Amino acid sequence: MSLLQAVKYQRGKLEVLDQLLLPHEFHYDTVSTRQEAFDSIATMRVRGAPAIAIVASLGLAVELHNNSIAGTSDGEVIAQIDEALDYLKESRPTAVDLTNAINQLKATIRTAEGKGKDAIVQAFIEEAERIFEKDLQSNLSIGEHGAQWLQARAGASPDHKISVLTHCNTGALATSGHGTALGIIRTLQSKGYLKHAFCTETRPYNQGSRLTAFELVHEGIPSTLITDSMAAALFRTKKAENNIAAVIVGADRVVRNGDTANKIGTYQLAVLAKHHGIKFIVAAPTTSIDLETETGDGIKIEERKREELTQISGAVRVATADQRIDVWNPAFDVTPAEFIDVVVTEKGAVEKGPDGTFDFSQILPERWAKVVG
Ligand SMILES: CSC[C@H]1O[C@H](OP(=O)(O)O)[C@H](O)[C@@H]1O
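From a predicted model like this one, the values you see are computed outputs, not experimental measurements.

**Describing the UniProt feature "active site" (unreviewed entry) in the protein chain**
- UniProt records the feature "active site" (unreviewed entry) for D252 in the present numbering.
- Within the element layout of this structure, D252 appears in the loop between β7 (244–249) and β8 (253–255).
- On the accessibility criterion, D252 (8% relative accessible area) is buried.
- Contacts of D252, omitting those with residues within four sequence positions, involve A49, T94, A95, V96, D97, A261, N262, K263, S288 and F332.

Okay, structure coming up:
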């Protein structure tokens, strides 16, 4: 079974799978500059919070490897790299992984200040590669922590298999491999804990029907595709029969109180899960956590162009062009922490405390304290 890779990288060469062509066509674009990386992200040829950060970082790393910085002093070189990173930050505003990667890269190149341009560029390239390499290990750890949590909280085992529902795409096509929410599903399957995986179509960009369904079928995971509007009926009529124990979703940004921005349609699944006594799990690497923002009200929600709603996946028209009805097309929504049972990260599963709030100091003490201080 071939490995699904959103990103292929070797030093000096980056290839990005064009996900707008999936599942019908496998085509990799070569990305060699910040502009090509920006365009690939902004058009959603590559998407997924971790994958966005990885492609932005490696795309600029390839450009720098090909010696694109003309600055003479270290200060000029660092300023030019900062400018390129700030440009890439604008490609998609909601997922915080990109911002966290940019901050990490900016801090890293400053450790090479005074050692000359080549040392600064080398430091950037090595850090961008670390971001890429770390992601896969992070996802495997999320998978393990998620399966352990479901074993403890939902009794998942080979003798008591559970079914889950997931939304959007959070698998190998959204990361460097394995995935986050879909990574937990892969791990459940590998442990024999999984009865069935339901995935939603995830209108309007259809990451679920085009990408997640593809990944599930590709790996032979027992699965069923439903439209977003079918989730309530599924829970009401098939929860017992299928032992639907959890909704598992990814995250674009988990903020300090646990409120979480994720693909549009996530919030309504959380409300439905609560109503039906189904666990609601957010699976995210700590690179998706933003402790600088207090609540979900502080998250900028990206709005995308009308054609992505009036045309299937931005291609086939589903609303006649002459009906110039206004279109509201937010790419994400915010699920309040009260609807979330656990945030599963590579550092562990974080549940709400007795006071009903999330305390991420358990897994991110240094970042938690810094903001409080
Ligand atoms: C591990 S992917 C996290 C998150 O990103 C996706 O958004 P998009 O497809 O628009 O990039 C989706 O919200 C996933 O849950």
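**Some thoughts on the site of the ligand**
- Taken together, 18 residues are adjacent to the ligand, and G48, R92, D252, N262 and K263 come closest.
- Within the side chain of R47, a nitrogen or oxygen atom sits 2.9 Å from an oxygen atom of the ligand.
- Between an oxygen atom of the ligand and a side-chain N or O atom of N262, the distance comes to 2.5 Å.
- Put simply, the ligand lies in the largest cavity.
- Counting residues per element, the ones that place at least two in the shell around the ligand are α2 (49–65) and β9 (260–263).
- Shared between two domains, the shell around the ligand holds at least three residues of each, these being domain 1 (7–134) and domain 2 (143–372).

**A short note on the layout of surface pockets**
- Considered as a void within the structure, the largest pocket measures approximately 580 Å³ in volume.
- Looking at the largest pocket, it is lined by 29 residues, and the ones nearest its centre are N100, A101, Q104, T287 and R367.
- The set of elements that each furnish at least two residues to the lining of the largest pocket consists of α2, α4 (96–110), α5 (117–154), β11 (289–290) and α11 (365–372).

**Observations concerning the domain arrangement of the protein chain**
- Domain boundaries assigned for the protein chain yield domain 1 (7–134) and domain 2 (143–372).
- Computed from C-alpha atoms alone, the centre-to-centre distance between domain 1 and domain 2 is 26 Å.
- Taken together, the contact pairs 25 residues of domain 1 with 31 residues of domain 2.
- Here domain 1 packs against domain 2, burying approximately 2,200 Å² in sum over the two surfaces, 53% of which is carbon and sulfur.
- In this assembly, domain 1 and domain 2 are joined by one salt bridge.
- Counting every contact that joins domain 1 to domain 2 gives 17 residue pairs in polar contact (both at pLDDT 80 or more).
- Each residue belonging to the side of domain 1 that touches domain 2 can be placed in one class, and the counts come to 15 nonpolar, six polar and four charged.

**Regarding the UniProt feature "site: Transition state stabilizer" (unreviewed entry) in the protein chain**
- In the UniProt entry, the feature "site: Transition state stabilizer" (unreviewed entry) is given for C168.
- A relative accessible area of 6% means that C168 is categorised as buried.
- Among all residues touching C168, those that are not within four sequence positions of it are R47, T200, T202, Q207, G208, T212 and K263.

**Remarks on the sheet that holds strand β16 (residues 348–351)**
- An order of β6-β5-β4-β7-β10-β15-β16 is seen for the seven strands of this open sheet, with the pairing classed as mixed. A single partner strand is all that each edge strand has here, and the edge strands are β6 (223–226) and β16. Going from strand to strand, the sheet's axes swing by 25° on average, the running direction of each strand aside.
- In the sheet, strand β10 (residues 279–283) pairs with strand β15 (residues 342–345) via three bridges, with the strands oriented parallel. Considered in β15, the bridge of A283 is made with V344.

**What about empty space enclosed by the protein?**
- Applying the stated criterion across every chain yields a total of two cavities of 30 Å³ or more.
- Its boundaries defined by the atoms lining it, the largest cavity holds a volume of some 200 Å³.
- For the largest cavity, the lining is made up of 23 residues, of which R47, G48, A49, N169 and D252 are closest to its centre.
- Going through the elements one at a time, α2 and β9 are the ones with two or more residues in the lining of the largest cavity.
- Two domains each put at least three residues into the lining of the largest cavity: domain 1 (7–134) and domain 2 (143–372).
- The space that makes up the second largest cavity amounts to roughly 70 Å³.
- In this structure, the second largest cavity is lined by 13 residues; those nearest its centre are P204, Y205, Q207, K263 and A331.
- Per-class residue counts for the lining of the second largest cavity are six nonpolar, three polar and four charged.

Parameters at a glance
Residues numbered from 1 in each chain as written. Predicted model: local features only at pLDDT ≥ 70, side-chain atom pairs only at ≥ 80, totals over all residues. Heavy atoms only, no water. UniProt positions renumbered as here; feature names shortened; annotations may be inferred. Helix = DSSP H or I, 4+ residues; strand = E, 2+ residues; numbered from the N terminus. Buried < 20%, exposed > 50% of the residue type's maximum accessible area, 1.4 Å probe, protein only. Contact = heavy atoms within 4.5 Å. Near = heavy atom within 4 Å. Polar contact = N/O pair within 3.5 Å; in protein donor to acceptor, adjacent residues only side chain to side chain. 1 Å grid on protein atoms, 1.4 Å probe; cavity = no way out; pocket = protein on both sides within 12 Å on 5 of 7 lines; lining within 4 Å. Sits in = over half its atoms within 2 Å of the grid points. Domains from an automatic or database assignment. Points joined across faces, edges and corners; volume = space filled by probe spheres on them. Buried area = accessible area lost by both parts, 1.4 Å probe. Salt bridge = Lys/Arg side-chain N within 4 Å of Asp/Glu carboxyl O. Nonpolar A, V, L, I, M, F, W, Y, C, P; charged D, E, K, R; others polar. Pairing = 2+ DSSP bridges. Axes fitted to C-alpha atoms, helices over the stretch in contact; angles between N-to-C directions.

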